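Residue-level structure breakdown
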Amino acid sequence: MNEQSTMDGRCIRGSQAHYKALVESAAAAILVIDEQGIILDANPFTHTLLGYAQKQLVGQDIECLMPPEHQGKHGQYLRKYLSTGEPNVIGTGRRVTARHREGHLVPVHLAVSEVWMGERREFIGVMSDLRALTQAQTSVQHERNRLKTIIDAIGNPVFVRELGGHYALANRACLQAVKADHVSQLAEAFGLALPDGMRDTLNALEHQLTVDGEPVHVDVTLRDGRTFKLAKTLIHHLAGEPYAIVTVAYDATPLLQAMQKAEHANQAKSDFLSAMSHELRTPLNSVLGYAQLLLKSPAPTLAESQRQYVEQIHQSGRHLLALINDVLDLAKIEAGKITLNPIWYPMHAVVNDAIQTLSPLAERQKVSLQNCLPTELEGELYVDPTRFKQVLINLLSNAVKYNHPQGRVWIDAYEHDGNLTMSVNDTGIGIADDQLDGLFEPFNRLVAEDSLIEGAGVGLAVTYQLVSQMQGEIRVASQMGKGSAFSVTFPYRAEPQHFETAVTEPSDTSIRLTQPHRVLYIDQDSHQQRLVSDCFEDWPLLTLHHAHDFSLAEVMAYSLAPSLFIINGNELVRMPAHWTCLVENKPLIILEAEGREYHIVSTQLKRLQQPVSSSALAAAIQSLLEDKE
């Protein structure tokens, strides 16, 4: 019995020692008060937290630790609890402030428990230090306020939507954009602003964003017609888990409207240029046609001075026609009215033909013009052959015109990644670095503006547009005084697929005739006119006359008595019926588009595929006219 009592006493003393150790080592202020609110005991941390030693608190009213606004009220709280049993703080916890011995307030979490010591009721209060937490929360709130101020200052709408669908933040621009007063109204405001089905689309995009983690960009047009560009990005917790999506919007409506106005203005300009070019070209073709009639008339109807005047009219008219044709090409490209027919076409055929076409110009300028293409490159380019030849002729003619006497122009190329880059190089005057940006602008002739070199600054603009339309790329490198290199890149295949043409193209472009002949060429296509005219510059015994329609061609035919007719196949649908008899027994060349064959009756007929090469044209002319020698 005595041993059991002794053991129980030891257990009690051990438990008391444990409780005392816990209380004295606790990192919280622990106070014991009686029913009157008098402090009976306080642990050591009370001094750390509130600055009071134990002996300074024991016997004091608990109200000495309360902030001024609560002093005098604790007794009321305690009496109410003792009489009614309704707790205010007892049995619960709350965040309050306690007064430090030096007078300032300390944020604490207060939990009060009721205990009975025999017949005596006491209360134990535990105050946890919240100063670090409060400081951190204050700092966080400060940062939030600063971030909110910054976001509100942003002119673009910004909002944050939690993954659960709750809208957590929205700046002033966002609320104004959807006519909402508070972030809590965003869900309803978006529902009214978004068209049917768009919310589902956005939800799907946001789900994809949470899966992939990659920012999402989408254009959204609201019911009122405004268009916003949205950029959505995930927001992550510190642990790395996503919890919300921030959306930054940009009202693109003014920009889109400005772009539409610019497009309409550009379209109006292009339509105007196209219409004016046609209006100018039609009468100018007639002027040139009748000037040719006067110059080539068999009877000497003009005095020498009059002949010089007509020659000047014809020469100036051709220069003006070339300018109008360039402007018309540019206008058609910008208006989207140009038709391209890209095919796989032998590279060497186009290059050789372009060089042969420009050879007379190069000889007059005393400039060497060379084909330096690697012999192993025998493949095909995916281009519109006619337009690609136009590109080469434009680049080569510029390289020749802007060169020095005894200068050099050459073409080389290299293959890479299924493409071929072809360069037109020259040893000419070069282009300054600060002028390269304006090189492809229409009517910008750069340093040649005040020179005697013919041109209007349209050719390179047309070249750039044609290369772009054919899905190619054009680049330029240049040094003042050393020359320039214009490079174009197009898809390339090394193994050509041979196809049959109406006339097998020989490499020889010479025509062996002993007598002069007149050739009447009927075609409305200004570009095709230029290509055919360039070919005839190599054949001095052949005189080419243009007619843009059959009415003028009929007058010229009876006046000039041509030995040969060349007609663009596209014009045959407009050919008067009586022309069948006119050309039936005449040498005739029809220029046909690939895959099309036009029906016409003629005893001396050759068909050539466009784009016509000088070698094929020479062979056809030689075959048709050699019997007339």
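Residues numbered from 1 in each chain as written. Predicted model: local features only at pLDDT ≥ 70, side-chain atom pairs only at ≥ 80, totals over all residues. Heavy atoms only, no water.

A look at the side chain of Asn394
Note on placement: Asn394 falls in helix 12 (residues 385-401). For Asn394, a relative accessible area of 15% translates into the label buried. When near neighbours in sequence (up to four residues on either side) are disregarded, Asn394 contacts Gly459 and Thr463. (Helix = DSSP H or I, 4+ residues; strand = E, 2+ residues; numbered from the N terminus. Buried < 20%, exposed > 50% of the residue type's maximum accessible area, 1.4 Å probe, protein only. Contact = heavy atoms within 4.5 Å.)

Details of the packing of helix 12 against helix 13 (residues 459-469)
As a packed pair, helix 12 and helix 13 sit with axes 10 Å apart at the nearest point and diverge in direction by 145°. The chirality of how helix 12 crosses helix 13 is left-handed. Contacts between helix 12 and helix 13 involve Arg387, Gln390, Val391, Asn394, Leu395 and Asn398 from the first element and Gly459, Leu460, Val462, Thr463, Leu466 and Val467 from the second. Each residue belonging to the contact of helix 12 with helix 13 can be placed in one class, and the counts come to six nonpolar, five polar and one charged. (Axes fitted to C-alpha atoms, helices over the stretch in contact; angles between N-to-C directions. Left-handed = near helix turned anticlockwise from the far one by under 90°. Nonpolar A, V, L, I, M, F, W, Y, C, P; charged D, E, K, R; others polar.)

With respect to the pattern of salt bridges
If you walk through the whole model with that rule in mind, you get 17 salt bridges. Here Arg226 and Asp224 are joined by a salt bridge, their closest N and O atoms 2.8 Å apart. Under the relative-accessibility criterion, Arg226 is labelled partly exposed at 21%. Among the salt bridges present, the one from Glu571 reaches Arg574, with a minimum N-O distance of 3.0 Å. Look at Glu571 and you get buried, because its relative accessible area is 5%. Taking the relative accessible area as the measure of exposure, Arg574 reaches 45% and is therefore partly exposed. Beyond isolated ion pairs, a larger network of salt bridges with shared partners links Arg161, Arg199, Glu206 and Lys232. (Salt bridge = Lys/Arg side-chain N within 4 Å of Asp/Glu carboxyl O.)

Quick word on the sheet that holds strand 5 (residues 120-129)
Two orientations exist for strands paired in a sheet by backbone hydrogen bonds: parallel and antiparallel. Across the sheet, five strands lie side by side as 2-1-5-4-3; this open sheet has antiparallel pairing. Each having just a single partner strand, strand 2 (39-42) and strand 3 (93-99) make up the two edges of the open sheet. The sheet shows a mean angle of 35° between the axes of neighbouring strands, direction not considered. As paired strands, strand 3 and strand 4 (residues 105-117) are joined by seven bridges and run antiparallel to one another. Among the inter-strand pairings, Val96 is bridged to a residue of strand 4, identified as Val108. (Pairing = 2+ DSSP bridges.)

Considerations on the packing of aromatic side chains
Per the counting criterion, the structure on display carries nine aromatic pairs. With a centroid separation of 6.0 Å and 55° between ring planes, the pair formed by Phe159 and Tyr167 is classed as tilted. Overall, Phe159 belongs to the buried group, its relative accessible area being 8%. Ring plane angle 80° and centroid distance 5.8 Å describe the contact between Phe565 and Trp579, whose orientation is recorded as edge-to-face. Taken as a pair, Phe565 in strand 20 (residues 564-568) and Trp579 in helix 16 (residues 579-583) lie far apart in primary sequence, 14 residues in all. If you follow Arg408 out to its NZ or CZ, it ends over the ring of Trp410, 4.1 Å from the centre. (Phe/Tyr/Trp six-rings, centres within 6.5 Å; stacked < 30°, edge-to-face > 60°. Lys NZ or Arg CZ within 6 Å of the ring centre and 35° of its normal.)

Side note on a nonpolar patch on the surface
Nonpolar side chains collect at one region of the surface, where Tyr250, Leu255, Leu256 and Met259 lie side by side and expose about 340 Å² of accessible area between them. Looking at the element boundaries, Leu255 is found in helix 9 (residues 253-296). You can call Leu255 partly exposed: its relative accessible area is 42%. (Patch = residues over 30% accessible without salt bridge, like charges linked within 9 Å, V, L, I, M, F, W, Y side chains within 5 Å. Areas by Shrake-Rupley, 256 points an atom, 1.4 Å probe, with all protein chains shown as cover.)

Topic: the sheet that holds strand 19 (residues 542-547)
Spatial ordering of the open sheet is given by 19-18-20-21-22, a layout of five strands whose pairing is parallel. One side of each edge strand has no neighbouring strand; the edge strands of this open sheet are strand 19 and strand 22 (605-609). Neighbouring strand axes in the sheet, compared pairwise and without regard to direction, differ in orientation by 20° on average. Bridge count for strand 20 against strand 21 (residues 588-592) is four bridges, and the pairing is parallel. Residue Asn568 lies in a different strand from strand 21, and its bridge partner there is Leu591.

Some remarks on the packing of helix 10 (residues 304-334) against helix 13
Viewed as axis vectors pointing N to C, helix 10 and helix 13 meet at an angle of 35°, and their least axial separation amounts to 9 Å. Relative to helix 13, helix 10 is oriented so that their crossing is left-handed. Along the contact surface, helix 10 presents Asp326, Asp329, Leu330 and Ile333, while helix 13 presents Ala461, Val462, Gln465, Leu466 and Gln469. In the contact of helix 10 with helix 13, the residues fall into five nonpolar, two polar and two charged.

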